[in-house]
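Okay, here's what each chain looks like letter by letter:
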Amino acid sequence: MSKAVRLVFVLVVLASMVLSLAGCPAAPTTPTAAPTTAPAATTAPATKAPAATTAPAASPAAATTAPAATTAPAAVAKQITVLMTQEPDTLAPHIGSMMAKEEVLGALWSDCVMRDDKNNYIPWACESTPTIDNGGAKLVGTGADQHLEVTFKLKKGFKWHDGTPVSSKDIKFTIEAVQNPDFDKAQQRDWALKVAEVLTPDDQTAVLQLMSEKQAKQAAAQGWKYQNKDFYAGYETQSGPVLDPIYFTMADAGNHILPQHILSKISPKDWEKSDFARKPVGNGPYKFKDWVPAQTLVVEAADNGIFKPQIQTVIFKIVADATAVLNSMAAGEAQVTTQVGLDLDQTPDIDKLAQQGKIKPYYIPSTGWEHIDLNLNDPLFQDKRVRQAIIYAIDRKTMVDKLLYGKSAVLDSWITPPNPWLDPSAPIKYDYNVQKAKDLLAQAGWKMGTSGVLEKDGKQFKAKLQTTTAKIRQAVAPLVQSNLKDVGIAVDVEYLPGRGLFETKGPLLSHTFQMAIYTWISDPDPSPVSLYLSKNCPDGANYPCYKNPDFDKLALQSDSELSKAKRQPMINQLVKMWTEDLPAIPLFQRLNVTSASPKLQNFKPAPTQTPETWNIHEWILPAS
Amino acid sequence: MRNYLIRRLGEMAVLLLLISALVFVILSFVPGGPFDLLIFSNPRITAAEIKRLNEAFGFDKPLYIRYFQWLVDVAGGHWGTSWGIAYGRPVTEVILARLNNTLILMGAATLVSVIIALPIGIYSAIRQYSWADYFVTSLSFFGMSMPTFWFGIMLIVIFAVGLGWFPTGGVSTYGLEGDILDRIRHLALPVTVLSLFNVATWSRFVRSSMLEVLRQDYMRTARAKGLRENVVIIKHGLRNSLIPVMTMLALEIPGLFSGAIITETVFSYPGMGRLFWDGVMAADWPVVQGLVMITAFLVIACNLVADVAYAVVDPRIRYD
């Protein structure tokens, strides 16, 4: 072989090696995202509606420390192993967006307010959840100076793993750090940017002042404190105080408080490289012990002054894939699996292990909701009777029973249960009914043509349904196709690989789709503003381009209503309008699939993206 | 020989440079990056935020500048910073953390394979067409055609889950990192999987190489001299037949470092193969680039070593 030929050969081999491998990382295997963001293209973009609400009532159960250990036998296991299929990329809070990291931080950090397994916000390291109703949050000032003030009061005795008390100055430090452009790898900062000022009247109390209209306009014109005005785009037109739907949490997931006494000595630019990112000093029920890359991450019981863990050592073990997770559980090597590992596809294997008594599975319908968006700009879908006919024609019950192994439930609206805002009587319910579907289509002027496809004005009812290549959607789409064929609608299914559906010039964002199946992660707050307000189309997340002036008006009105009692009827009315108009066909809730040893007590996986470890100090495992 | 070496080393440098540029360019065109997940999951992310993140990672600079920056860094010993596997950590640290595991796994597998494959190959060559030869031949085909992922999972199901003799995967039990027995228990199943394939192919290789040598005139001469059969086989036969086998083993060296993607994944073994896989899946291009460069270097270097070794062992071959 001549040298030139050999050189070319080696190049080609290497190039094809890289290409063939690089070609595969289509979305399905991208790392699972943490609560601050939604899973990537396999599921869908996340939303957070800009609205203010009162907080859900705090559940008294988890208000203080661990439940009395009276039920636990005397002999308690000293060690527990938790499996994950991904390794945290870092343990520094606010950097990166991996769910695997949040699972570990669930043990290492105790947040001020926690979103629990009932989807309620409960006080955790703070004494209460500061809401409008309980006086913890209030609107202060008048006119353009009016702003929301939220008071967080830390529990007494709360301390860092090195013994330093956790103080309100740490809260101030955290929020200012996230605002600071030097912390250039901060992933989620929109919540922090709404804060104009943090006051610390005493060591326990931090008062967050959100921006007033005047401050917002000033920020939009010349920036605010650390940031230039680019980050406040949109605030020029702010009317009324800046609000946040989850003002009572300091943010949904990014609320891990940072230790000022350690991090103030390091430039925020260098946090990711510092020891803190690999061996953090936290304030949770467990403290960092050991991290063997790609193998184990070990934490051990600590004294944070407010929670008392029952199990001495927790080993987070990194395994390769779901098969390895199940084998490891079957062999009794581990006691807990997390969202970062199993999913619906493993249901038959999980149930088999459950029957053998080896594990207890948890299938938790989550805040991710699968739906078909209908493009209302398309003449085919402009008549709401057609949209109602489509939902009648789709056998969603069978879909859930067969494709989701009966583990989830048919969904009625964009508010996913459990949610304190969901009034079960509000949505209009549509059961599978082919006759009603046919009647509605006939009323809308569609007549059955000779080829079994509906016709109107000489045009056939043919539509394209686009979705991703995710396994569940490859099963759902054909079912939709066959259901709609039964009523005379011819559907062409297209599976777009990778992020095709969500590309900037893709069918959704460019509004060139007809029907599209994907998932939204629903917000803790029920506001439909970002998804269904008419001004959010074409620029915004209102992909179906739903435009209903009455809905707009009520949605905006409900967003500025801070009293839950007054807002609830508005939300109910919005749900009713939406389920009548059906800009999207809600299908079902996706599942958080986890499992644990049947002996493990107080394991309470949440329907949200709260990590399974959120209440880890309450876990009890009797010694075997 | 010296001129030959200098020329080959020069070629090697050019080749590595070309490969690095090619890989760098290709990876930069693959979708995915450090904050991809964030952008795709948050439709409300502002243009200012995206711009800020781009600047933070240096993506705002043109490709060739980024490449030269990377080259300069590499020349200074900095292989970049991981952004997916271990946020903010140097690539070299990430790779070194796994290298040891892979060397142990692949080294053990290679050793076991050689120890088994050599005698089998020699024996079935000497006793060509005997029942033992047929038996070994069918066994080889079994080994070669057995898909590693399936065989691995079967071993786990039977010996780890069912019988509980071995762990289902990993490198060691937490708390027993220094324990040799624990290590061996963890290595047993993956080494079995890797060795099955190696033994199957290598024993065929040894067999055919040996068969060729056995037919040579000097073998007849050796026998005619009245040497004992053992001496004929080992001193004259084996030594000559090992020349191609040595070349083959030299070309296996890159594998010692790059690991085995499938086996390491099936056994949750944190080695280089799985690092490559994890790196690609996490779109951690600095790590992937580093791994590809190491592999490329080893492939080219080992080719050179094999060529040179050939000349050293076999006096008939000369490079001028």
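Everything numeric in this text was worked out from a predicted model, so none of it was measured.

**Regarding the sheet that holds strand 5 (residues 147–153) of chain A**
All names here are of chain A.
Thinking step 1. Strand order in this open sheet of four strands is 4-5-7-6, and the pairing throughout is antiparallel. Each edge of the open sheet is held by one strand with a lone partner, namely strand 4 (137–140) and strand 6 (195–199). Averaged over all adjacent pairs, the angle separating strand axes in this sheet is 25°, with direction ignored.
Thinking step 2. As judged from the five bridges shared by strand 5 and strand 7 (residues 205–210), these two strands associate in the antiparallel manner. Counterpart to F152 in the pairing with strand 7 is A206.

**With respect to helix 13 (residues 471–486) of chain A**
All names here are of chain A.
Thinking step 1. The terminal C-alpha atoms of helix 13 lie 24 Å apart, and with 16 residues this matches the ideal 22 Å at 1.5 Å per residue to within 8%.
Thinking step 2. Among the residues making up helix 13, those that are buried are I472, R473, V476, A477, V480, N483 and L484. The arc that holds every buried residue of helix 13, seen down its axis, measures 130°, which confines them to one face. Seen from the buried face of helix 13, the exposed residues on the opposite side, beyond 90 degrees, are K471 and K485.
Thinking step 3. Directly beyond the C-terminal end of helix 13, a positive phi value near 95° is found at G488.

**Some remarks on the nonpolar core**
Thinking step 1. The biggest cluster of nonpolar side chains holds 116 residues, and the ones touching the most others in it are I175(A), L208(A), F316(A) and W619(A).
Thinking step 2. Among the elements that take part in this core, helix 13 (residues 285–313) of chain B stands out by supplying eleven residues, more than any other.
Thinking step 3. If you count residues domain by domain, this core takes at least three from each of domain 1 (2–75) and domain 2 (99–313) of chain B.
Thinking step 4. Not counting residues up to four positions away in its chain, the partners in contact with F316(A) are V82(A), M84(A), E103(A), V104(A), A107(A), Q295(A), T296(A), L297(A), V299(A) and T613(A).
Thinking step 5. Judged by nonpolar contacts, the second largest core, of 106 residues, contains L591(A), M106(B), A160(B) and F267(B).

What counts, and where the lines are drawn
Residues numbered from 1 in each chain as written. Chains lettered and ligands numbered in written order. Predicted model: local features only at pLDDT ≥ 70, side-chain atom pairs only at ≥ 80, totals over all residues. Heavy atoms only, no water. Pairing = 2+ DSSP bridges. Helix = DSSP H or I, 4+ residues; strand = E, 2+ residues; numbered from the N terminus. Axes fitted to C-alpha atoms, helices over the stretch in contact; angles between N-to-C directions. Expected span 1.5 Å × (residues − 1). Buried < 20%, exposed > 50% of the residue type's maximum accessible area, 1.4 Å probe, protein only. Arc of directions from axis to C-beta. Core = buried A, V, L, I, M, F, W, Y, C linked by side-chain atoms within 4.5 Å. Domains from an automatic or database assignment. Contact = heavy atoms within 4.5 Å.

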